Every structure is written in structure tokens, then in C-alpha cells.
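Residues per chain, in single letters:
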Amino acid sequence: MVAHGALTPVGRALCRLLEAGAAHHYPAVPGAGADPAARGSEGLGEDLTHRPALAQAVTTLREALYAALPEPSVTAHFQSDLTATVTGAPAPALADLLSSVGDIESEGHAVVWRITAASVRRALDAGWSADELLDRLTAASERGTPLPQPLAYTIKDTARTHGQLKVVRSACCIRSDDTALIAEVAQARGLAKLRLRRIAPTVLISTAPPEETLSALRAAGYAPTQEAETGTTVLDRAPTERAPSLLPTLDQAHPLYGEPVRGVPASARTLAARLLSPPG
């Protein structure tokens, strides 16, 4: 509002707004219903229709603010060191584009993005293609300048190797050296609930956990075994049922002798203690 000891154009416009009676509308704000995309005296809202002096003051303040705040930049300057520089404030669409393919390196009167193979890979992971990135960045280039060759090469080279390795999410997998058997299992209607997908001639992946997949395969007439992550077979042992032991513990009296008799050790531990105790 004030610069070098004097009112700026915005400060003077605000004073005119107050002089026009804006304070009498407190807590309402004159022009709060104005169209933010309009310029001049258009779209000021119904609250200023019958207040020409206040409408003129709001219009003056609006124009002063537009003059003080430059239009956001819609282009960037791309350099061979893989940076993109935007002078002033970038437009939201441009900022989103550059942030998706690069990382902000510095901010101030200009914003600088650094584009690297890792940031390009991040954009590719988000669904962008190399052609889309090149087209959008070329369209955003200042004065229609072609993208520097190092930048274009980085994008193309990163896209060339992107996705060569794939991490498949699955609950478990089914494998067999018999490719015909794998093909048969993949087509079995009774196993449709497993949503099997063939990812190799000898490998299927299942969306169900291992126990559920084993049960479904056995119910369909197959005889699978479970394999651990190390490649060893997991043995499915049946629980052993044993009769309860009749042998008493060291602190229990043998049931054959009934209740303890006075002077006679009641348990093996008591007997051992008495035998090991010194005479006397």
C-alpha cells in the first residue's frame, strides 16, 4: 500500500474506496460478489448496482491490483542443463506440468525446475508418455523455441527403459513344469473365482491367498503342494493325537498310592530332597 513514503496506486485506490462509503457496509465487503474474471466495471455484482460512487471505487481498486500483479507466465525457458525457468508467477497449468516432470530447485522472482531422469520416470509412472511430455513441453517453450537436445534425449532415453521390469501384485502364484497342465488350470471354470492370470508358460498368478488357492485346486481334482519362498516344499502334517500321560510330575503324588501318608514322601521331588539332605 505504501512505498518510499508515499501511497502506491493500490493504496490510493483503497483510500477512494473508503471515501466512497465502504466502511458503512461493514461487515459486508463491497464488490465481494464481483466476477473475478471480469475487468473494468463489469461483473461487479448486484450489491453495487445502485451505488455508482462505490462501484467506481471498486473498479479503480480492481484495475490498480491488476496493474500491480502481472499476468501469470504461461511459458518457460528450457536450457541445456535440464532446467526450466519461469519468470514471475507461473500459471497453474504450467506449474502442474513442470512439477510433474521436474523438481523445484529455487523460487523468487523466477521459479526454476530441475528435470532429471528420476523426475521423468515419476511422470511416466503417473501415466504420461514420452510423446505427450515432449509435445506439452514444446508448446510451453518460450517463443516457441524447440526443446534443447539434452532434455529431449533424457525424456526419450528414460521412456525407452521404463517398464522393462514389472512388479506384479498377487496373493500367490502357481507353477508347474508341465505347460499343458498350466494351460488347463488357467481355463478351468471351477477356478474362475481365483482370477488366474498366466504370466509365463509355466506360471499362473492367483488373487486368492495360498490356503484358499490350494483348497480350490484340490476341490477341482488337482493335487498341488505348497512351496515356500526358498523353493522348498512345505509339508502339510496331520496333527498327532496322543493319550494323556499318566506319569506324574516331580511335585505330584502317584495316584496308585492315594493320599500321602505321614512320614512318607508325597512326591519324587520330596523324596529326592530327603535323600540328599545331610543326616541328622
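Scoring rules and cut-offs
Residues numbered from 1 in each chain as written. Predicted model: local features only at pLDDT ≥ 70, side-chain atom pairs only at ≥ 80, totals over all residues. Heavy atoms only, no water. Helix = DSSP H or I, 4+ residues; strand = E, 2+ residues; numbered from the N terminus. Buried < 20%, exposed > 50% of the residue type's maximum accessible area, 1.4 Å probe, protein only. Contact = heavy atoms within 4.5 Å. Salt bridge = Lys/Arg side-chain N within 4 Å of Asp/Glu carboxyl O. Arc of directions from axis to C-beta. Axes fitted to C-alpha atoms, helices over the stretch in contact; angles between N-to-C directions. Parallel < 35°, antiparallel > 145°, perpendicular 65-115°, else oblique. Left-handed = near helix turned anticlockwise from the far one by under 90°. Nonpolar A, V, L, I, M, F, W, Y, C, P; charged D, E, K, R; others polar. Pairing = 2+ DSSP bridges.

Enquirer: Looking at this model, I keep getting lost on the environment of Arg197. Mind explaining?
Expert: Counting through the fold element by element, Arg197 comes out in strand β8 (residues 197–200). You can call Arg197 partly exposed: its relative accessible area is 46%. When the C-alpha positions of Arg197 and Gln187 are compared, they lie 9.8 Å apart, and in sequence the two are 10 residues distant. Contact partners of Arg197, with chain neighbours within four places excluded, come to Val168, Val203, Leu204 and Ile205.

Enquirer: Got a minute to help me understand the pattern of salt bridges in this structure?
Expert: It is possible for side chains of opposite charge to pair when their charged atoms get near one another. Summed over the entire model, instances satisfying the criterion amount to 5 salt bridges. Taking the shortest distance from any N to any O, the salt bridge between Glu105 and Arg114 comes out at 2.9 Å. Judged by its relative accessible area of 45%, Glu105 is partly exposed. When its relative accessible area of 27% is taken as the criterion, Arg114 is described as partly exposed. Among the salt bridges present, the one from Glu142 reaches Arg143, with a minimum N-O distance of 3.6 Å. Take Glu142: its relative accessible area is 24%, and that puts it in the partly exposed class. What makes Arg143 exposed here is its relative accessible area of 72%.

Enquirer: Even after reading the chapter, I still don't get helix α8 (residues 210–219), so can you show me in this structure?
Expert: At 3.6 residues per turn, the α-helix brings residues three or four places apart onto the same side. Within α8, the full set of buried residues consists of Thr213, Leu214, Ala216 and Leu217. Buried residues in α8, looked at end-on, bunch into an arc of 165°, giving them a common side. α8 presents Glu211 and Ala219 as exposed residues on the side facing more than 90 degrees away from its buried surface. Check the buried side of α8 and you find it contacts β7 (172–175), α7 (179–187), β9 (203–206) and β10 (226–227). Once α8 ends, the next one or two residues include Gly221, with phi positive near 100°.

Enquirer: Please clarify how the packing of helix α3 (residues 92–101) against helix α5 (residues 130–139) should be interpreted in this entry.
Expert: Axis angle and axis distance: for two packed helices, these are the angle between their axes and the distance between the axes, and together they describe the pair. Remark: α3 packs on α5, axes separated minimally by 11 Å, with the N-to-C direction vectors making an angle of 135°. Between α3 and α5, the interaxial angle falls into the category oblique. In the packing of α3 onto α5, the handedness of the crossing is left-handed. Listed contacts from α5 to Leu97, Leu98 and Val101 of α3 are Leu133, Arg136 and Leu137. Of the residues belonging to the contact of α3 with α5, the class tally is 5 nonpolar, no polar and 1 charged.

Enquirer: Can you help me understand the sheet that holds β7 in this one?
Expert: Within a sheet, neighbouring strands are paired by backbone hydrogen bonds and run either parallel or antiparallel to one another. With antiparallel pairing, 3 strands are arranged side by side in an open sheet as β7-β9-β8. A single partner strand is all that each edge strand has here, and the edge strands are β7 and β8. Mean inter-strand twist for the sheet, computed between neighbouring axes without regard to direction, equals 35°. The pairing of β8 with β9 spans 3 bridges and is antiparallel. Residue pairing for β9: Ala200 is matched across the bridge by Val203. Contacts from α7 reach β7, β8 and β9 within the one sheet, and its direction differs from that of β9 by about 30°.

Enquirer: I keep staring at the packing of helix α4 (residues 117–125) against helix α6 (residues 149–161) and nothing clicks. Help me out?
Expert: Orientation of α4 relative to α6, taken along the N-to-C sense of each, is 60°, at an axis distance of 9 Å. The angle between α4 and α6 places the two elements in the oblique class. For the pair α4 and α6, the crossing hand works out as right-handed. In this structure, α4 contributes Ala117, Val120, Arg121 and Leu124 to the contact, and α6 contributes Thr154, Ile155, Thr158 and Ala159. Residue composition of the contact of α4 with α6, by class: 5 nonpolar, 2 polar and 1 charged.

Enquirer: Looking at this structure, how should I read the side chain of Thr154?
Expert: Its place among the elements puts Thr154 in helix α6. Judged by relative accessible area, Thr154 falls into the buried class, the value being 15%. Setting aside anything within four residues of it in sequence, one finds Thr154 in contact with Leu82, Thr116 and Ala117.

Enquirer: Just checking my understanding: could you explain the pairing of strand β6 (residues 110–114) for this structure?
Expert: If a strand is regular, its side chains alternate between the two faces of the sheet. Pairing between strand β4 (residues 83–87) and β6: 5 bridges, direction antiparallel. Looking at the pairing, Thr85 lines up with Val112 of β6. Counting the residues between successive antiparallel strands, the hairpin from strand β5 (residues 103–106) to β6 contains 3 residues.

What is shown is where atoms sit, not what they do.
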